[in-house]
Amino acid sequence: VQLQAYGGGLVQAGDSLRLSCAASGRPFRSYTVGWFRQAPGQEREFVAAIRRNSGITNYIGSVKGRSTIYRDNVKNTVYLQMNSLKPEDTAVYYCAAGQTLIVSSEPNPNAYAYWGQGTQVTVSS
């Protein structure tokens, strides 16, 4: 499966953005999809995941309550809606997909087989 991430941009603190991860090649619903982010000089960090088939979601604590990950199976796309953005959300955001993840491995970037290119999110204060 090939992934394309887009939707980033330059916004002000408190604004919202919706990131998209579009898949081609195979039905996306059979994949667990994760969003990760990487700020300059930092390690890649797990943000959220949506589990294959069940659609159960998982979030890092710093975005929980202000972000929603969801999928549109018709459009073969997974979205990350981010609200009340903060300057510390500034990073390059990546989407990733895998079919063999166990629940405990969802935050681990090494568990994902497929990656999209990043999309830059910059939040100004």
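To start, this report covers the structure provided alongside it. (Residues numbered from 1 in each chain as written. Predicted model: local features only at pLDDT ≥ 70, side-chain atom pairs only at ≥ 80, totals over all residues. Heavy atoms only, no water.)

Bringing the overall build of the protein into the picture now. Looking only at helices and strands, one finds zero helices and eleven strands in the protein. Shown N-terminal to C-terminal, the secondary structure of the protein runs as helices and strands in the order β-β-β-β-β-β-β-β-β-β-β. In terms of C-alpha radius of gyration, the protein reaches 13 Å, essentially the compact-globule figure of 14 Å for 125 residues. Expressed along its principal axes, the backbone C-alpha trace of the protein runs to roughly 40 × 30 × 25 Å. (Helix = DSSP H or I, 4+ residues; strand = E, 2+ residues; numbered from the N terminus. Rg over C-alpha atoms; globule rule 2.2 N^0.38 Å.)

A few words now on the side chain of serine 20. Within the secondary structure, serine 20 sits in strand E3 (residues 17–24). Accessibility expressed as a relative area gives 4% for serine 20, which makes it buried. Apart from the residues lying within four places of it in its own chain, the contact partners of serine 20 are Gln4, Ala5, Tyr6, Trp35, Thr77, Val78 and Tyr79. (Buried < 20%, exposed > 50% of the residue type's maximum accessible area, 1.4 Å probe, protein only. Contact = heavy atoms within 4.5 Å.)

Another aspect to go through is the pattern of salt bridges. Tallied over the entire structure, the rule returns four salt bridges. Between arginine 51 and glutamate 106 there is a salt bridge, with its nearest N and O atoms 2.7 Å apart. Taken together, the positions of arginine 51 in the loop between strand E5 (45–50) and strand E6 (57–59) and glutamate 106 in the loop between strand E9 (91–98) and strand E10 (114–115) put the pair 55 residues apart, joining distant regions of the chain. Per residue, the accessibility class of arginine 51 equals that of glutamate 106, and both read buried. Linked through salt bridges whose partners overlap, the residues forming this network are Arg37, Glu45, Arg66 and Asp89. (Salt bridge = Lys/Arg side-chain N within 4 Å of Asp/Glu carboxyl O.)

Take the environment of leucine 101 next. For leucine 101, the location among the structural elements is in the loop between E9 and E10. Here leucine 101 falls in the buried class, since its relative accessible area comes to 12%. A C-alpha to C-alpha distance of 9.2 Å links leucine 101 and arginine 52, two positions 49 residues apart in sequence.

Turning our eyes to something else, we now look at the packing of aromatic side chains. With the rule as written, the count across this model stands at eight aromatic pairs. Judged by centre distance (5.7 Å) and plane angle (70°), the ring pair of phenylalanine 36 and phenylalanine 46 falls under edge-to-face. Taken as a pair, phenylalanine 36 in strand E4 (residues 32–38) and phenylalanine 46 in strand E5 lie far apart in primary sequence, ten residues in all. We note that phenylalanine 36, like phenylalanine 46, is buried. (Phe/Tyr/Trp six-rings, centres within 6.5 Å; stacked < 30°, edge-to-face > 60°.)

Attention shifts here to the sheet that holds strand E8 (residues 77–82). Strand order across the open sheet formed by four strands is E1-E3-E8-E7, with antiparallel pairing between neighbours. Two strands bound the open sheet, and with one partner strand each, they are strand E1 (2–6) and strand E7 (67–72). Here the average twist between neighbouring strands, direction ignored, is 15°. Sheet topology places E7 next to E8; six bridges connect them, and they run antiparallel. (Pairing = 2+ DSSP bridges. Axes fitted to C-alpha atoms, helices over the stretch in contact; angles between N-to-C directions.)

Geometric values such as these leave the question of function open.
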